[in-house]
Amino acid sequence: LKNDNQPMQMILDAIELRAKGFSLAPQTQIDFSLASRLNGEAAISAQGKVCLSPLLVDARFDIGEVGLQWFAPYIPDNIRLTLADGRFSTSGKAEVKKDLQGSLGASVKAKASVKNFAVKELNKSEKFVSWDVFAFEDIDFAYNPMKIVIGKITLNKFKNSMVLDKDGKVNVQK
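So, here is what we can say about the structure in this document. (Residues numbered from 1 in each chain as written. Predicted model: local features only at pLDDT ≥ 70, side-chain atom pairs only at ≥ 80, totals over all residues. Heavy atoms only, no water.)

### Focus: the overall build of the protein
Right, so step 1: Within the protein, the secondary structure is distributed over 0 helices and 9 strands.
Right, so step 2: Burial statistics for the protein: of 174 residues in total, 27% are counted as buried.
Right, so step 3: In the protein, the share of contacts with a sequence separation of at least 24, taken over all contacts with a separation of at least 6, comes to 49%.
Right, so step 4: Just so you have it, the protein exposes about 11400 Å², and 57% of that area is on carbon and sulfur atoms.
Right, so step 5: Positive and negative side-chain charges of the protein, numbering 24 and 20 respectively, have mean locations separated by a distance of 2 Å. (Helix = DSSP H or I, 4+ residues; strand = E, 2+ residues; numbered from the N terminus. Buried < 20%, exposed > 50% of the residue type's maximum accessible area, 1.4 Å probe, protein only. Contact = heavy atoms within 4.5 Å. Areas by Shrake-Rupley, 256 points an atom, 1.4 Å probe, with all protein chains shown as cover. Lys, Arg positive; Asp, Glu negative; His and termini not counted. Charge placed at Lys NZ, Arg CZ, Asp CG, Glu CD.)

### Thoughts on the packing of aromatic side chains
Right, so step 1: Following the criterion strictly, the structure yields 3 aromatic pairs and no others.
Right, so step 2: Aromatic pair Phe134 and Phe136: ring centres 4.9 Å apart, planes at 45°, arrangement tilted.
Right, so step 3: The class of Phe134 is partly exposed, set by a relative accessible area of 24%.
Right, so step 4: The class for Phe136 is partly exposed, based on a relative accessible area of 23%.
Right, so step 5: Three or more aromatic residues joined by ring pairs form one cluster here, namely Phe117, Trp131, Phe134 and Phe136. (Phe/Tyr/Trp six-rings, centres within 6.5 Å; stacked < 30°, edge-to-face > 60°.)

### As for the pattern of salt bridges
Right, so step 1: The final tally for this structure, using the stated rule, is 10 salt bridges.
Right, so step 2: With its nearest N and O atoms 3.7 Å apart, the salt bridge here joins Lys157 to Asp132. With Lys157 in the loop between strand E8 (147-156) and strand E9 (159-160) and Asp132 in strand E7 (residues 127-143), this pair connects stretches of sequence that are 25 residues apart.
Right, so step 3: Among the residues examined, Asp132 registers a relative accessible area of 31% and is labelled partly exposed.
Right, so step 4: Residues joined by salt bridges that share partners form a network here, namely Lys109, Asp140 and Lys147. (Salt bridge = Lys/Arg side-chain N within 4 Å of Asp/Glu carboxyl O.)

### Observations regarding the nonpolar core
Right, so step 1: Listed in full, the 10 residues of the largest apolar core are Leu68, Ile75, Leu81, Leu83, Val114, Phe117, Val119, Phe128, Val129 and Trp131.
Right, so step 2: Mapped by element, the contributors of at least two residues to this core are strand E5 (81-98), strand E6 (104-121) and E7.
Right, so step 3: If near-sequence neighbours (up to four positions away) are discounted, Phe117 is found in contact with Leu68, Leu83, Asp85, Gly86, Val129, Ser130 and Trp131. (Core = buried A, V, L, I, M, F, W, Y, C linked by side-chain atoms within 4.5 Å.)

### Quick look at the pairing of strand E3 (residues 42-51)
Right, so step 1: Pairing geometry for strand E2 (residues 29-38) and E3, over 10 bridges, is antiparallel. If you follow Ala35 over to E3, its bridge partner there is Ser45.
Right, so step 2: In this structure, the hairpin formed by E2 and E3 is closed by a connection of 3 residues, where Asn39 is found at a positive phi of approximately 55°.
Right, so step 3: Where E3 folds back on strand E4 (residues 56-67), the antiparallel hairpin that results is connected by 4 residues. (Pairing = 2+ DSSP bridges.)

### So, a nonpolar patch on the surface
Right, so step 1: Residues Tyr143, Met146, Ile148, Ile150 and Ile153 make up a contiguous nonpolar surface patch of about 530 Å² in total accessible area.
Right, so step 2: Ranked by residues supplied to the nonpolar patch, first place goes to E8 with 3 residues.
Right, so step 3: The class of Tyr143 is partly exposed, set by a relative accessible area of 43%. (Patch = residues over 30% accessible without salt bridge, like charges linked within 9 Å, V, L, I, M, F, W, Y side chains within 5 Å.)

Structure follows, in structure tokens:
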């Protein structure tokens, strides 16, 4: 799965969007739910309220088990590693809104994880870096004002096989 100069493709399918109380009138909140699949495997869902004027989005979201191999085209060729496995997932609550002065603000309270991650040296079968779970819990992010808080970070069964040779080069530099 090394970079072959082809861009990553992300395909959303099985899209289901429901809206209740839809209106373009100012200060009208619309209840919505959205469900889809990403690249035929990862479930994506969101549900909540939207108001077009003034702008407001208040929603819960869930993105499950996105295969990280889809990002392999963005690993530069000079990095002699290949993305062998890994699954990203996240869920939480997001809010985007404009205040009375028209300034845009956003906040996300969530958790996220990368599970079963593995990177291999190019043209080798052994894992260079791997872990079972790398999780971030109690994420509290805000924009305007800016705030980033992560309550807990967990890394389980981390392994790596970095070798520093006599010439000062790491095994992935060769």
